[in-house]
Amino acid sequence: MKNTLYVGGLAEEVNEAILHATFIPFGDIKDVKTPLDLATQKHRSFGFVTFLEREDAAAAMDNMDGAELYGRVLTVNYALPERIKGGEQGWAAQPVWAEADTWFERQQQEELQRLEAENRAAMQAAEELHRRKQAAEEREGEKEDETTAMKDDPMAQAEAEALQQNNS
């Protein structure tokens, strides 16, 4: 990748042929590109020159950075690798099935989490039902204790009979 140079600050008059002619004194050129603006169909003030040899690219960068072409000062650096959208390495740089294993693992983890949440909810509902049942049994036991206590206590029986006569 160190064979490709970024050339910035190009004047409108500069085309790929002029860019090629400007950099050919430094060595054999493999490719010259000037990306076009889709709206204006003109280059976007920069281009890329790819040399066959790294040494030629280094010499061109050393000599042409800060040089003037058609009245404009050029910026010449090593080109950065093209970034492709879709993650750290780019989705187009990977085969389609590259993330299949991780996708299945994520699906399994999500399903496991869903089942665990359902299980926790069911356990909480069962515990609540058990607490209610125990509370009801305790209340029944208290009523039985009261009726048993009334049978043993003649005074409590008399009070209960008086209440029943008053209510009738």
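Looking at an unreviewed UniProt entry, one finds the protein named RRM domain-containing protein and attributed to Trapa incisa.

Asks: How should the overall build of the protein be read in this particular structure?
Replies: Along its length, the protein carries four helices and six strands. Starting at the N terminus and walking to the C terminus, you meet the elements of the protein as β-α-β-β-α-β-β-β-α-α. Across the 168 residues of the protein, 21% fall into the buried class. For the protein, the exposed surface amounts to about 13200 Å²; the carbon and sulfur share of it is 52%.

Asks: Looking at this structure, how should I read the sheet that holds strand E3 (residues 46–51)?
Replies: Across a sheet, paired strands are connected by hydrogen bonds in the backbone, their directions being either parallel or antiparallel. Strand order across the open sheet formed by four strands is E2-E3-E1-E6, with antiparallel pairing between neighbours. Each edge of the open sheet is held by one strand with a lone partner, namely strand E2 (29–33) and strand E6 (75–78). Mean inter-strand twist for the sheet, computed between neighbouring axes without regard to direction, equals 20°. As paired strands, strand E1 (residues 4–8) and E3 are joined by five bridges and run antiparallel to one another. Paired with Val7 across the two strands is Gly47, which belongs to E3. Taken strand by strand, helix H1 (residues 16–23) contacts E1, E2, E3 and E6, and its axis lies near 140° from that of E2.

Asks: Looking at this structure, how should I read the side chain of Thr34?
Replies: Positionally, Thr34 belongs in the loop between E2 and E3. With residues up to four places along the chain from it excluded, the contact list for Thr34 reads Leu10, Glu16, Leu19, His43, Phe46 and Gly47.

Asks: Is there a simple way to explain the environment of Glu16 in this structure?
Replies: Take Glu16: it is sitting in helix H1. For Glu16, a relative accessible area of 35% gives the class partly exposed. With sequence-adjacent residues up to four places away left out, Glu16 is seen in contact with Val32, Lys33 and Thr34. At 3.1 Å, the side chain of Glu16 and the backbone nitrogen of Thr34 are in polar contact.

Cut-offs used in this document
- Residues numbered from 1 in each chain as written.
- Predicted model: local features only at pLDDT ≥ 70, side-chain atom pairs only at ≥ 80, totals over all residues.
- Heavy atoms only, no water.
- Helix = DSSP H or I, 4+ residues; strand = E, 2+ residues; numbered from the N terminus.
- Buried < 20%, exposed > 50% of the residue type's maximum accessible area, 1.4 Å probe, protein only.
- Areas by Shrake-Rupley, 256 points an atom, 1.4 Å probe, with all protein chains shown as cover.
- Pairing = 2+ DSSP bridges.
- Axes fitted to C-alpha atoms, helices over the stretch in contact; angles between N-to-C directions.
- Contact = heavy atoms within 4.5 Å.
- Polar contact = N/O pair within 3.5 Å; in protein donor to acceptor, adjacent residues only side chain to side chain.

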